[in-house]
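Fold and geometry: a report
Listed below, chain by chain, are the residues.
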Amino acid sequence: MSITETAPAKLNLALHVTGRRDDGYHLLDSLVAFTVLGDRVRLEPGPLALRIDGPFAADLSTDGNLCLRAARLAGADAAITLTKSLPVASGIGGGSADAAAVLRGLARMGHALPARPERLGSDVPVCLSSAPARMQGAGEILTPLPPLPGLSVVLANPGIALSTPQVFAALDRRDNPGLPAIPCFTGLADLATWLAGTRNDLEPAALTLAPVIGQVLDGLRTTGAAFARMSGSGATCFGLYATADTARIAANALKQHGWWAVATELAPPLMPR
Ligand code: C5P
């Protein structure tokens, strides 16, 4: 018997850095959403092992991989196959999403979820439910939000892996105000209007390390995105489009620059609350 779980890409639609803890971790206030597109993990009974395939397999090592650490934290054995379809170290959850998918799969096999999933990575708690949420603290304080409209999204990455600690270190300020109140969104127009009053505070910091991110954002906007922003610590950017067709055409145009680009949608929640 094998169990398959999707590990949806995580998008920080907005991300404000509001402070820093004594241990150096930053306090965040973020609106997090997920896409239909994701990596995939397959779990089979057997001794703990990890095999990685898929388009981005070569960029990832099995040694110390978060999928193995997740199984160890859950005290479980499983033969894990990770199909890596999303670029690594790119601000869209990556290892955290994969680790959360392993934990969800192990839960379906009867293993309890670990008490402190954030020990694997700050984004693991929100990736566990893979449902829209306001994420605060260093990632461990979650407020579930109503489902977001199933909007068309393009993800685009210029092929640069950014180090999250380096991006945080490049911040000018760490004491920004939190997010404004989050309403119940009904469509692209009201979401884009609300997002325009928010920021990703990591975007200017990432731009100093990888100026090409500015070109990716311009590319999303000139291909018709109603809203474009970098996710997490980058370098993946997202654009929100009015239709699936315009998103698909935009993704094809962005690929002409040699960038990774793909059209997908905001996803419905994976696990019932
Ligand atoms: O938790 P995770 O392993 O994803 O974090 C990677 C690095 O990003 C941390 O070691 C830390 O330097 C930085 N980070 C942070 N504040 C957060 C999340 C991550 O400073 N809330």
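Remember, it's a predicted structure, so these values are computed and weren't measured experimentally.

Bringing the overall build of the protein chain into the picture now. A tally of regular secondary structure across the protein chain gives 8 helices and 10 strands. For the protein chain, whose C-alpha radius of gyration is 18 Å, the value lies close to the compact-globule estimate of 19 Å for 273 residues. Taken over the C-alpha atoms alone, the protein chain extends approximately 50 × 45 × 35 Å along its principal axes. Sorting the 273 residues of the protein chain into buried and exposed places 54% on the buried side. A sequence separation of at least 24 residues applies to 75% of the contacts in the protein chain between residues at least 6 apart. For the protein chain, the accessible area works out to roughly 11400 Å², and carbon and sulfur atoms hold 54% of it.

Before going further, it helps to spend a moment on the pattern of salt bridges. This model, assessed by the stated rule, comprises 13 salt bridges. Three or more residues are tied together by salt bridges with common partners; here these are Glu5, Arg104 and Arg108.

For the rest of this paragraph, the subject is the layout of surface pockets. It is a probe the size of a water molecule, rolled over the atoms, that shows where empty space is left. In this structure, the largest pocket spans a volume of roughly 870 Å³. What lines the largest pocket is a set of 38 residues, and nearest its centre among them are Gly93, Ser96, Asp123, Thr164 and Ser233. The set of elements that each furnish at least two residues to the lining of the largest pocket consists of strand S1 (3-20), strand S2 (26-44), helix H2 (95-108) and helix H4 (164-169). Looking at the lining of the largest pocket residue by residue, the classes come out as 17 nonpolar, 17 polar and 4 charged.

We now examine the site of the ligand. Inspection of the region around the ligand gives Gly24, Tyr25, His26, Leu28, Gly121, Ser122, Ala138, Thr164, Pro165 and Phe168 as its neighbouring residues. In the environment of the ligand, an oxygen atom lies 2.7 Å from a nitrogen or oxygen atom belonging to the side chain of His26. Ala138 is positioned with one of its backbone polar atoms (N or O) 3.4 Å from a nitrogen atom of the ligand. Put simply, the ligand lies in the largest pocket. Ranked by residues supplied to the shell around the ligand, first place goes to H4 with 3 residues. Considered class by class, the residues forming the shell around the ligand number 5 nonpolar, 5 polar and no charged.

Conventions used here
- Residues numbered from 1 in each chain as written.
- Predicted model: local features only at pLDDT ≥ 70, side-chain atom pairs only at ≥ 80, totals over all residues.
- Heavy atoms only, no water.
- Helix = DSSP H or I, 4+ residues; strand = E, 2+ residues; numbered from the N terminus.
- Rg over C-alpha atoms; globule rule 2.2 N^0.38 Å.
- Buried < 20%, exposed > 50% of the residue type's maximum accessible area, 1.4 Å probe, protein only.
- Contact = heavy atoms within 4.5 Å.
- Areas by Shrake-Rupley, 256 points an atom, 1.4 Å probe, with all protein chains shown as cover.
- Salt bridge = Lys/Arg side-chain N within 4 Å of Asp/Glu carboxyl O.
- 1 Å grid on protein atoms, 1.4 Å probe; cavity = no way out; pocket = protein on both sides within 12 Å on 5 of 7 lines; lining within 4 Å.
- Points joined across faces, edges and corners; volume = space filled by probe spheres on them.
- Nonpolar A, V, L, I, M, F, W, Y, C, P; charged D, E, K, R; others polar.
- Near = heavy atom within 4 Å.
- Polar contact = N/O pair within 3.5 Å; in protein donor to acceptor, adjacent residues only side chain to side chain.
- Sits in = over half its atoms within 2 Å of the grid points.

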